Amino acid sequence: MLPLAALCACGVVKEKEPNDDYSRATPLPAGRTAQGTLGSPSDVDWYLVRAPREGVLSARLSGIREADWVLSIRGPDRTELKRVDETGIGGDEQALDIGISTAGLYVVVSNKNAKANNPAQPYDLRTSFDSSAGRERESVSRASYPARSCSMAGASGRAFIAWSTVRHASHTIAASRPSLVRK
Ligand SMILES: [Ca+2]
Ligand SMILES: [Ca+2]
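A. A look at the overall build of the protein chain. The helix and strand tally for the protein chain stands at two helices and ten strands. Helices (α) and strands (β) of the protein chain occur, in sequence order from the N terminus, as α-β-β-β-β-β-β-β-β-β-β-α. Within the protein chain, the proportion of its 183 residues that are buried is 34%. Partitioning the intrachain contacts of the protein chain with sequence separation of at least 6 by distance along the chain shows that 65% fall at a separation of at least 24.

Have a look at this one:
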């Protein structure tokens, strides 16, 4: 069980250009938020996300109205594990419940809108890390469930459902309350 503070690690990591390929990826501890800019429409930003132990990583990219984001998750050997391109210009992209080991993962930010021209406006790449989920991989099959706010339902049965569906959220309070799992 992680203390809540570890799940909500604070502080923003600024991208370090040039970071347009894996060899110059900006380091980003799992659970932290990176902030960067699109220096040009074709700017690509690589981040190397490191986790202290095995777990599950989620990432959400947002913040520049003109951008048409593509979010790519790549393994330590740069093989693409997941590519997320669900929205158009102005939409957020998110990748949920990606298994991560201590070898880390690359998260690659790019833009498809050739007319995007807002190099001063920052984007946010928010990550969350849940090491408790590493022990119960079956929960990964719940990845398609929408994240809900981490309200604590009253009845324990209801709380368990909430716990199951929001456990990947960076602020999953329920994850620190394993007693709720009891019937
Ligand atoms: Ca950049
Ligand atoms: Ca870049």
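From this point, the discussion proceeds with the structure in view.
B. Geometry of the sheet that holds strand S2 (residues 26-29). An order of S2-S4-S9-S6-S7 is seen for the five strands of this open sheet, with the pairing classed as mixed. The two strands at the open ends of the sheet, each matched to only one other strand, are S2 and strand S7 (80-84). Averaged over neighbouring strand pairs, the angle between their axes works out to 25 degrees when direction is ignored.

C. Quick peek at the pairing of S7. Two strands pair when backbone bridges link them, and strand S6 (residues 69-74) and S7 are joined in this way by four bridges, in the antiparallel orientation. Note that in S7 the partner of leucine 71 across the bridge is valine 84. Remark: five residues form the turn of the hairpin made by S6 and S7, two consecutive strands paired antiparallel; arginine 78 in that turn has positive phi of roughly 75 degrees.

D. Representation of the nonpolar core in the model. Residues Tyr47, Val49, Leu57, Ile100, Leu105, Val107 and Leu125 are the most contacted members of the largest nonpolar core, which totals 31 residues. Taken together, the elements giving at least two residues each to this core come down to strand S4 (45-50), strand S5 (55-62), S6, strand S8 (93-100), strand S9 (105-111) and strand S10 (122-130). The dominant element in this core, judged by the number of residues it contributes, is S9, at five residues. In contact with tyrosine 47, other than residues within four places in its own chain, are Ala25, Thr26, Leu28, Ala34, Tyr106, Val107 and Leu125.

E. Structural context of the environment of valine 108. With respect to the element layout, valine 108 can be found in strand S9. C-alpha separation for the pair valine 108 and aspartate 20, spaced 88 residues apart in sequence, amounts to 8.9 Å. Residues within four places of valine 108 in sequence aside, it is in contact with Val44, Trp46, Ser72 and Arg74.

F. Up close: the sheet that holds S10. Pairing is mixed in the open sheet, where five strands are placed in the order S1-S3-S10-S5-S8. Unpaired on one side and paired on the other, strand S1 (12-14) and S8 mark the two borders of the sheet. Taken over all neighbouring pairs, the strand axes of this sheet differ in orientation by 20 degrees on average, direction set aside. Across three bridges, the pairing between S1 and strand S3 (residues 33-37) is parallel. Looking at the pairing, valine 12 lines up with threonine 33 of S3.

G. Quick look at the pairing of S5. Across the eight residues of S5, six count as buried, placing the element largely inside the fold. Note: S5 against S8, six bridges, orientation antiparallel. What sits directly across from arginine 60, in S8, is glutamine 94. When S5 meets S10, the two strands line up antiparallel, connected through seven bridges. For serine 62, the partnering residue across the bridge sits in S10 and is aspartate 124.

Cut-offs applied
Residues numbered from 1 in each chain as written. Chains lettered and ligands numbered in written order. Predicted model: local features only at pLDDT ≥ 70, side-chain atom pairs only at ≥ 80, totals over all residues. Helix = DSSP H or I, 4+ residues; strand = E, 2+ residues; numbered from the N terminus. Buried ≥ 20, exposed ≤ 12 C-beta atoms within 10 Å, placed from the backbone. Contact = placed C-beta atoms within 7 Å. Pairing = 2+ DSSP bridges. Axes fitted to C-alpha atoms, helices over the stretch in contact; angles between N-to-C directions. Core = buried A, V, L, I, M, F, W, Y, C linked by C-beta atoms within 7 Å.

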